[in-house]
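# Analysis of the macromolecular model
Here is how the chains run, residue by residue.
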Amino acid sequence: MTNQILIAIASILAVPIIGGLLRGFDRKMTARMQSRIGPPILQPFYDVIKLWNKEKNITHKNQLIWAYGYFGFIITSILVFALGRDILMMLFVLVLAGVCLVLGALSIKSPYSHLGGNRELIQMLAYEPMLFLIALAVFLSTGSFNVNVIIASGTPLIYSLPLAFIAMVIVMVIKMRKSPFDISLSHHAHQEIVRGPVTEFSGKYLALIELAEWYEMVLLLAILAMFWAMPFWAGIILALAVYFIVLIIDNVFARLTWPILLKFTWTFGIGLVILNILGIYLLRK
Amino acid sequence: MGLVTNSRVKSPWILHFDCGSCNGCDIEILACLTPMYDIERFGMVNMGNPKHADVLVVTGSANRRNARVLKNLYEQMPEPKVVIAIGSCACTGGVFNECPNILGGVDKVIPVDVYIPGCAVKPEAIIDGAVLALGKLAEKKAKAKEGVRA
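Residues numbered from 1 in each chain as written. Chains lettered and ligands numbered in written order. Predicted model: local features only at pLDDT ≥ 70, side-chain atom pairs only at ≥ 80, totals over all residues. Heavy atoms only, no water.

## A short note on the overall build of chain A
A tally of regular secondary structure across chain A gives eleven helices and one strand. Secondary structure elements of chain A occur, N-terminal to C-terminal, as α-α-β-α-α-α-α-α-α-α-α-α. Over its C-alpha atoms chain A spans a radius of gyration of 19 Å, differing by no more than 12% from the 19 Å that the globule rule assigns to 285 residues. Across its three principal axes, chain A shows a C-alpha extent of roughly 60 × 50 × 40 Å. Here chain A holds 285 residues, and the buried ones make up 57% of them. In chain A, the share of contacts with a sequence separation of at least 24, taken over all contacts with a separation of at least 6, comes to 77%. (Helix = DSSP H or I, 4+ residues; strand = E, 2+ residues; numbered from the N terminus. Rg over C-alpha atoms; globule rule 2.2 N^0.38 Å. Buried < 20%, exposed > 50% of the residue type's maximum accessible area, 1.4 Å probe, protein only. Contact = heavy atoms within 4.5 Å.)

The structure is reproduced here in structure tokens:
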């Protein structure tokens with residue numbers, strides 16, 4: 001029991017540091033790919049500390065609930081994963097976090113905020129079916145939704161789920177808000193629909209959302225690492241390799257529109273996972 | 001310098017407002033973002049939203065039409081904030097000074113912290129002025145009040 005509490009505290013404290021460093025590495029690498037010098041690696045921490053200490057300027061009291069809700073639900077899903085519990089439960093809590101962000105955007109009468117909220121909903125419509133089908137594929141492959149059992153199952157999951165892994169990379173691109181699918185909130189085009197769902201968030205509450213995004217990013221990387229969980233370092237290398245590939249995709253592609261996003265994920269993305277599930281059935285018989 | 005002040009100086013997010021400039025200064029501001037000058041290495045990011053910005057960069061002279069918009073943008077920015085007037089027009093009204101529709105420099109509408117003269121301003125001068133503005137930003141403290149604006 002004390003062991004589990006220690007793991008929970010360690011993950012809550014360590015994850016934002018890892019997430020912030022990864023985001024700093026992201027900005028540095030992106031700058032280098034565009035032949036710029038780029039900000040220091042610690043830049044994301046400067047940004048968050050600055051935002052945290054700015055004047056509290058609130059448009060509507062409701063939006064505070066949704067900002068804290070987004071943060072809280074993502075922390076909860078991190079805990080569910082770190083303690084090795086149900087992967088399906090973790091995904092449901094993650095959906096709740098996404099819904100909080102959308103409700104935060106829709107709780108204010110601002111056209112940009114509403115547009116951002118609607119686009120965020122479209123993004124969720126694009127990646128959620130893939131995420132749940134991936135969880136189903138993992139269950140069919142290992143016989144359990146439990147993270148501890150999945151990690152202890154021996155052979156790396158990527159042998160039996162190569163297509164689901166590719167689908168997970170697509171989810172990663174959408175969730176990390178990277179081109180070509182950064183339709184609601186882009187990290188580069190800060191003028192694009194004036195930053196979508198976070199238009200009306202400022203100061204401390206923007207910092208909260210930024211922190212929550214770091215947690216979410218590390219959580220998704222941890223799910224990627226789960227695909228090669230047995231030697232611990234192999235999973236980490238796999239996740240970091242995918243992170244680097246996502247950065248390259250981000251710099252190579254232009255931003256696409258939402259109909260292309262939906263067409264792509266609902267045919268190619270979901271198709272990949274279903275093909276993988278069929279493969280598991282056919283090989284078993 | 002404390003941790004918070006240090007972070008403030010290292011992460012100034014810019015909001016650029018064009019008060020009817022001839023686009024000469026605007027192009028030079030955008031030139032600062034290119035690989036040649038790359039102001040993102042100082043943590044400066046061009047924001048589109050006054051609620052996220054720390055530094056208001058204004059080009060062009062204030063007139064009766066845009067004064068209201070300019071004031072509105074300034075008021076939406078949370079403290080601490082600084083204002084940089086870029087170019088002769090933003091500093092004094094430039095060649096348009098004394099025109100019937102022109103109020104004069106941007107400082108006729110909002111308080112300006114740093115003036116960068118030039119027509120058009122060189123990117124080096126903009127970076128120089130931005131560094132000066134960061135010094136002023138370090139001196140300012142965030143207001144502690146928690147105001148709910150309906």
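## Observations regarding the nonpolar core
Grouped together as the largest cluster of nonpolar side chains are 92 residues, with contacts concentrated most on A:I134 and A:F227. With 18 residues, the top contributor of residues to this core is helix 9 (residues 204-226) of chain A. B:V114, B:A130, B:L134 and B:L137 belong to the second-largest nonpolar core, a separate cluster that totals 23 residues. (Core = buried A, V, L, I, M, F, W, Y, C linked by side-chain atoms within 4.5 Å.)

## Some remarks on the sheet that holds strand 7 (residues 114-116) of chain B
All names here are of chain B. Reading across from one edge, 2-1-3-5-7 is the order of the five strands in this open sheet, with parallel pairing throughout. Both outer strands of the open sheet, strand 2 (45-47) and strand 7, are each paired with one neighbouring strand and no more. Pairs of neighbouring strands in the sheet enclose a mean axial angle of 30 degrees, with direction left out of account. Pairing of strand 5 (residues 82-86) with strand 7, which is carried by three bridges, proceeds in the parallel orientation. What sits directly across from I84, in strand 7, is V114. Strand contacts of helix 2 (residues 24-33): strand 1 (13-18), strand 2, strand 3 (55-59) and strand 5, with the helix running at about 140 degrees to strand 3, the strand carrying the most contacts. (Pairing = 2+ DSSP bridges. Axes fitted to C-alpha atoms, helices over the stretch in contact; angles between N-to-C directions.)

## Some words on the interface of chain A and chain B
Contacts between the two partners involve 33 residues from chain A and, on the opposite side, 36 residues from chain B. Both faces combined, the contact of chain A with chain B buries some 3100 Å², and carbon together with sulfur accounts for 51% of it. Interface area lost by chain A to chain B is led by A:K50, A:K54 and A:E55, which between them contribute 22%. Put simply, chain A and chain B have six salt bridges between them. (Buried area = accessible area lost by both parts, 1.4 Å probe. Salt bridge = Lys/Arg side-chain N within 4 Å of Asp/Glu carboxyl O.)

## Quick word on helix 1 (residues 3-10) of chain B
By the burial criterion, the buried members of helix 1 of chain B are B:T5, B:S7, B:R8 and B:V9. Those residues of helix 1 of chain B that are buried lie in contact with helix 2 (43-52) of chain A together with helix 5 (123-139) of chain B.

## Some thoughts on unusual backbone geometry
Put simply, A:S179 and A:P180 share a cis peptide bond, and its omega is 5 degrees. Take A:P180: it is sitting in the loop between helix 8 (162-175) and helix 9. Along the chain, B:C119 connects to B:A120 via a cis peptide bond; the corresponding omega equals -10 degrees. Residue placement: B:A120 occurs in the loop between strand 7 and helix 5.

## A look at the pattern of salt bridges
Residues and elements named next belong to chain A. In this structure the tally under the stated criterion is 15 salt bridges over all chains. Residue E213 pairs with R23 through a salt bridge whose shortest N-O separation is 3.8 Å. Of the two residues, E213 is situated in helix 9 and R23 in helix 1 (residues 2-33); the sequence distance between them amounts to 190 residues. Like R23, E213 is buried. A single network of salt bridges, built from pairs that share partners, joins R23, E120, R177, E210 and E213.

## Side note on the packing of aromatic side chains
Summed over the entire model, instances satisfying the criterion amount to nine aromatic pairs over all chains. Between A:Y68 and A:Y205 the ring centres are 6.1 Å apart and the planes differ by 85 degrees, which places this aromatic pair in the edge-to-face class. In this pair, A:Y68 is assigned in helix 3 (residues 62-82) and A:Y205 in helix 9, connecting sequence segments 137 residues apart. For A:Y205, a relative accessible area of 5% puts it in the buried group. Grouping aromatic residues by their ring pairs yields a cluster made of A:F181, A:F264 and A:F268. Over the ring of B:W13 we find A:K50, and its NZ or CZ is 3.8 Å from the ring centre. (Phe/Tyr/Trp six-rings, centres within 6.5 Å; stacked < 30°, edge-to-face > 60°. Lys NZ or Arg CZ within 6 Å of the ring centre and 35° of its normal.)

## Digging into the side chain of A:E200
Looking at the element boundaries, A:E200 is found in the loop between helix 8 and helix 9. Owing to a relative accessible area of 10%, A:E200 belongs among the buried residues under this scheme. Within the structure, the side chain of A:E200 is placed 3.2 Å from the side chain of A:S110, a separation counted as a polar contact. Once residues lying within four places of it in the same chain are set aside, the contact partners of A:E200 are A:T59, A:Q63, A:I108, A:S110, A:S113 and B:K51. (Polar contact = N/O pair within 3.5 Å; in protein donor to acceptor, adjacent residues only side chain to side chain.)

## Structural notes on the confidence of the model for chain B
Where the model shows low pLDDT, its predicted coordinates should not be examined in detail. Residues and elements named next belong to chain B. The predicted model of chain B averages 84 in pLDDT, with 93% of residues at 70 or higher. Between the elements of chain B, mean pLDDT differs from a low of 44, seen in strand 8 (residues 146-148), to a high of 92, seen in strand 5. Per-residue pLDDT stays below 50 along residues 143-150; that stretch engages in 17 contacts with residues further than four places along the chain or on separate chains. (pLDDT = per-residue confidence, 0-100.)

## Some remarks on the packing of helix 1 of chain A against helix 3 of chain A
All names here are of chain A. In contact at an axis separation of 10 Å, helix 1 and helix 3 are set at 130 degrees when each is read in the N-to-C sense. If you check the angle between helix 1 and helix 3, you find them oblique. Here helix 1 and helix 3 pass one another in a crossing that is right-handed. Facing helix 1, whose interface residues are I7, A8, S11, I12 and V15, helix 3 presents I75, I78, L79 and A82. Here the contact of helix 1 with helix 3 is composed, by residue class, of eight nonpolar, one polar and no charged. (Parallel < 35°, antiparallel > 145°, perpendicular 65-115°, else oblique. Left-handed = near helix turned anticlockwise from the far one by under 90°. Nonpolar A, V, L, I, M, F, W, Y, C, P; charged D, E, K, R; others polar.)

## Things to note about the pairing of strand 3 of chain B
In summary, the side chains of a regular strand alternate between the two faces of the sheet. Residue and element names in this part refer to chain B. Counting buried positions along strand 3 gives five out of five residues, so the element sits mostly inside the fold. Judged by which residues are buried, strand 3 turns out to be covered on both faces: V55, V57 and T59 on one side and L56 and V58 on the other are all buried. Judged from the five bridges that link them, strand 1 and strand 3 form a sheet pairing that is parallel. Bridging from a neighbouring strand, L15 pairs with L56 of strand 3.

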